[in-house]
Amino acid sequence: MNLERLPNEEKLSLCRKYYLGGFAFLPFLWLVNVVWFFREAFLKPAYTEQLQIKAYVKRSALGLLLWVAVLTTWITIYQHFRAEWGEVGDYLSFTIPLGIP
Amino acid sequence: MNASDSDEDIYNERSALVRSESPALPSYIPDSDLTPPNGTPTKRLKVSFRSESLQCFVPTRPAALTPSEEEELTLKYGAKHVIMLFIPVTLCMVVVVATIKSVSFYTEKTDQQLIYTPFTENTSSVGRRLLNSVLNTIIMISVIVVMTIFLVVLYKYRCYKFIHGWLILSSLMLLFWFSFMYLGEVFKTYNLAMDYPTVGVIIWNFGAVGMICIHWKGPLQLQQAYLILISALMALVFIKYLPEWSAWVILGAISVYDLVAVLSPKGPLRMLVETAQERNEPIFPALIYSCECVHCSRSAPINNGSAACLMFVIVSSDQNRLFRLRTGSSGCFVGLCLTLLLLAIFKKALPALPISITFGLVFYFSTDFLVQPFMDNLAAHQFYI
């Protein structure tokens, strides 16, 4: 799908749908939104819908950053304290490495 | 475990998105610049490939071209198309080979087999093993034939909802379940700890965005990447659960079926192409890999069966020795080039698998029986060429 060939209203609608979709625990969707619409929002000459597209891209980026922060924190905590948590740690684990932690 | 319908469904394709006259298509492959502002139809060569677990190439061109211009176009785009197809196939192979080399899970032979190949190859005699692989092939090919015909019938009677539902279900399974397994095996190989919440988020994101990109709208490169990854996952499952000899016989049989299905007048794929051309409809996404040549002065979108990637990958990945890998894959690529060349020459729907698979198989087996002993002999005598 090539963005160039879409009319502006459809671009806006697509951007908006991607933005809303990201609220379903989908930071990856927000990432795709930001990357895909970046040029449209910031590098193209202005057109009517561009302001709204810009807003959506900015909000998606914000949401993405938030998710990255949360995930990084959680992963750090988990990796560091997993062994000490004993049973809870094992219960949470998808894969448990072999050997002594 | 068994691969269920997904191996057929995902790779079932209908219709080329081809039109002989070129007004803008209501296709998910954007073509809206087909008629330039001054009104004359753009000279454009559209090449589409599609297949079931098979592959067929369908070319089309707009009417207003002189013979010499046509020749020029043919040559110009032939080379570009070849390169554009090389990339996904190569990427697919790279992913599969990298996985096989590092994650031992996919090469550990297990007694579990797909339900499509119930006959075991663990027998003592060569004859028995051969018989079993032929029987497995017969079952597998009949399943493929039945599925193909079923799909053609569905398409003919416009049961689009059913087809859509089927496709969605199978891509769901691939995107979520297979990738979940894959991730688990990778973590085990590298001895990493991973928790359920994180894995959940990763798989959910990968799968959901994949579904959106493939079945709805998404950036082209992401869609291509997902199709490559899906093909790679599928290939890995086949490599693990398909017994060796059956795999080779199936490959051979599939290319024969491809030939028949595309070229014979009553062949299902041919009927599919014709029905789709009559209706001027876009293909269901998720089945085709679309390369858009953004650097072409005239855009020439190509659609290719992602199943083709699968087949090529299986041929080249089911090998333990790197040397054979190289020759097998080169065989495939040679076949691919030849097929594209034929496509440019004949300008009609062509089966794409046979030549590639034949070359791949020939190269592979001849390496095994001829080249390798030759090289061993040379090495033994310390004779370098």
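Residues numbered from 1 in each chain as written. Chains lettered and ligands numbered in written order. Predicted model: local features only at pLDDT ≥ 70, side-chain atom pairs only at ≥ 80, totals over all residues. Heavy atoms only, no water.

A. Representation of the interface of chain B and chain A in the model. Each side of the interface is counted separately: chain B has 33 residues, and chain A has 28 residues. Around 2700 Å² of area is buried between chain B and chain A when both sides are counted, 65% of it from carbon and sulfur atoms. Where chain B touches chain A, the interface holds zero salt bridges. At the boundary of chain B with chain A, the tally comes to 12 residue pairs in polar contact (both at pLDDT 80 or more). By residue number, the principal contributor to the side of chain B that touches chain A is helix H5 (residues 196–215) of chain B, which donates 10 residues. Taken together, the residues that form the side of chain B that touches chain A break down as 20 nonpolar, seven polar and six charged. Here strand S1 (residues 93–95) of chain A runs beside strand S3 (residues 194–195) of chain B; their pairing, made up of two bridges, is antiparallel. Among the inter-strand pairings, Thr-95 of chain A is bridged to a residue of S3 of chain B, identified as Met-194 of chain B. (Contact = heavy atoms within 4.5 Å. Buried area = accessible area lost by both parts, 1.4 Å probe. Salt bridge = Lys/Arg side-chain N within 4 Å of Asp/Glu carboxyl O. Polar contact = N/O pair within 3.5 Å; in protein donor to acceptor, adjacent residues only side chain to side chain. Helix = DSSP H or I, 4+ residues; strand = E, 2+ residues; numbered from the N terminus. Nonpolar A, V, L, I, M, F, W, Y, C, P; charged D, E, K, R; others polar. Pairing = 2+ DSSP bridges.)

B. Main features of the environment of Trp-216 of chain B. Within the secondary structure, Trp-216 of chain B is located in the loop between H5 and helix H6 (220–241). Under the relative-accessibility criterion, Trp-216 of chain B is labelled partly exposed at 38%. Every residue in contact with Trp-216 of chain B, bar those within four places of it in the chain, is listed here: Leu-14, Lys-17 and Tyr-18 of chain A together with Met-211 of chain B. (Buried < 20%, exposed > 50% of the residue type's maximum accessible area, 1.4 Å probe, protein only.)

C. Just the packing of helix H7 (residues 244–263) of chain B against helix H11 (residues 353–380) of chain B, in detail. Residue and element names in this part refer to chain B. Where H7 contacts H11, the axes come no closer than 8 Å and their chain directions differ by 150°. Considering their axes alone, H7 and H11 lie roughly antiparallel with respect to each other. H11 is crossed by H7, and the crossing has left-handed handedness. Contacts from Trp-248, Leu-251, Gly-252, Ile-254, Ser-255, Asp-258 and Leu-259 in H7 reach Leu-353, Pro-354, Ile-357, Leu-361, Tyr-364 and Phe-365 in H11. Each residue belonging to the contact of H7 with H11 can be placed in one class, and the counts come to 10 nonpolar, two polar and one charged. (Axes fitted to C-alpha atoms, helices over the stretch in contact; angles between N-to-C directions. Parallel < 35°, antiparallel > 145°, perpendicular 65-115°, else oblique. Left-handed = near helix turned anticlockwise from the far one by under 90°.)

D. The arrangement of the environment of Val-134 of chain B in detail. All names here are of chain B. Examined against the element boundaries, Val-134 turns out to sit in helix H3 (residues 126–156). When its relative accessible area of 34% is taken as the criterion, Val-134 is described as partly exposed. Along the backbone, Val-134 and Ser-68 are 66 residues apart, and their C-alpha atoms lie at a distance of 49 Å.

E. Geometry of H6 of chain B. With 22 residues, H6 of chain B extends 32 Å from end C-alpha to end C-alpha; this agrees with the ideal 32 Å at 1.5 Å per step. Taking burial as the measure, the 22 residues of H6 of chain B include 19 buried ones, the bulk of the element. (Expected span 1.5 Å × (residues − 1).)

F. Layout of the confidence of the model for chain A. In the predicted model, chain A carries a mean pLDDT of 90, and 100% of its residues have values of at least 70. Confidence scores differ between elements of chain A, with helix H4 (residues 87–92) of chain A showing the lowest mean pLDDT of 82 and helix H3 (residues 50–81) of chain A the highest of 94. (pLDDT = per-residue confidence, 0-100.)

G. Helix H4 (residues 160–189) of chain B, seen in detail. Residue and element names in this part refer to chain B. Helix length check: H4, at 30 residues, gives a terminal C-alpha distance of 42 Å against a target of 44 Å (1.5 Å per residue), a fit within 8%. At Ser-179, H4 shows its maximal bend, which comes to roughly 25°. A positive backbone phi angle near 55° is found at Asn-191, which sits one or two residues after H4. (Bend = angle between axes of the 7 residues up to and from the residue.)

H. Molecular detail of the confidence of the model for chain B. Residues and elements named next belong to chain B. Per-residue pLDDT for chain B averages 70, and the proportion of residues at 70 or more is 65%. Within chain B, H5 carries the highest mean pLDDT (93), whereas strand S1 (residues 46–50) carries the lowest (35). Note that residues 292–303 has pLDDT below 50 and, in this model, 47 contacts with residues that lie over four places away or in other chains. Below pLDDT 50 for its whole length, residues 318–323 participates in 15 contacts with residues either more than four positions away or in separate chains. Prediction confidence for the complex, expressed as pTM and ipTM, is 0.73 and 0.93 respectively.

I. Main features of the packing of aromatic side chains. On inspection of all chains with the given rule, the structure shows 20 aromatic pairs over all chains. Between Tyr-19 of chain A and Phe-23 of chain A, the aromatic rings sit 5.3 Å apart at their centres with planes inclined by 80°, giving edge-to-face as the arrangement. With a centroid separation of 5.9 Å and 85° between ring planes, the pair formed by Phe-150 of chain B and Phe-162 of chain B is classed as edge-to-face. One end of the pair, Phe-150 of chain B, is in helix H3; the other, Phe-162 of chain B, is in helix H4, and 12 residues separate them in sequence. What makes Phe-162 of chain B partly exposed here is its relative accessible area of 46%. The structure contains a cluster of three or more aromatic residues connected by ring pairs, namely Tyr-18, Trp-36 and Phe-37 of chain A together with Trp-216 of chain B. (Phe/Tyr/Trp six-rings, centres within 6.5 Å; stacked < 30°, edge-to-face > 60°.)

J. Representation of a nonpolar patch on the surface within the structure. Residues Phe-365, Phe-369, Leu-370, Val-371, Phe-374, Met-375, Phe-383 and Ile-385 of chain B make up a contiguous nonpolar surface patch of roughly 850 Å² in combined accessible area. Within the secondary structure, Val-371 of chain B sits in helix H11. (Patch = residues over 30% accessible without salt bridge, like charges linked within 9 Å, V, L, I, M, F, W, Y side chains within 5 Å. Areas by Shrake-Rupley, 256 points an atom, 1.4 Å probe, with all protein chains shown as cover.)

K. The arrangement of the side chain of Thr-275 of chain B in detail. All names here are of chain B. Locating Thr-275 in the fold gives a position in helix H8 (residues 268–279). A residue is classified by how much of its surface remains accessible, and Thr-275, at 5% relative accessible area, is buried. Of the polar contacts made by the side chain of Thr-275, one reaches the backbone oxygen of Met-271; its length is 2.5 Å.

L. Structural context of the pattern of salt bridges. All names here are of chain A. Enumeration over the complete set of coordinates arrives at four salt bridges over all chains. In this structure, Glu-4 and Lys-44 form a salt bridge, with 3.6 Å as the shortest nitrogen-oxygen distance. Pair noted here: Glu-4 is in the segment before helix H1 (8–21) and Lys-44 is in the loop between helix H2 (27–43) and H3, with a separation of 40 residues, a long-range link. Taken together, the shared-partner salt bridges connect Glu-4, Lys-11, Glu-40 and Lys-44 into one network.

M. Structural detail: the UniProt feature "transmembrane region" (unreviewed entry) in chain B. Residue and element names in this part refer to chain B. Mapped onto the present numbering, the UniProt feature "transmembrane region" (unreviewed entry) falls on residues 82–100, 134–155, 162–184, 196–216, 327–346 and 352–371. This span, residues 134–155, is 100% helix and 0% strand, and a straight line between its end C-alpha atoms measures 31 Å. Overall, residues 196–216 shows 95% helix and 0% strand. The separation of its end C-alpha atoms is 29 Å. (UniProt positions renumbered as here; feature names shortened; annotations may be inferred.)

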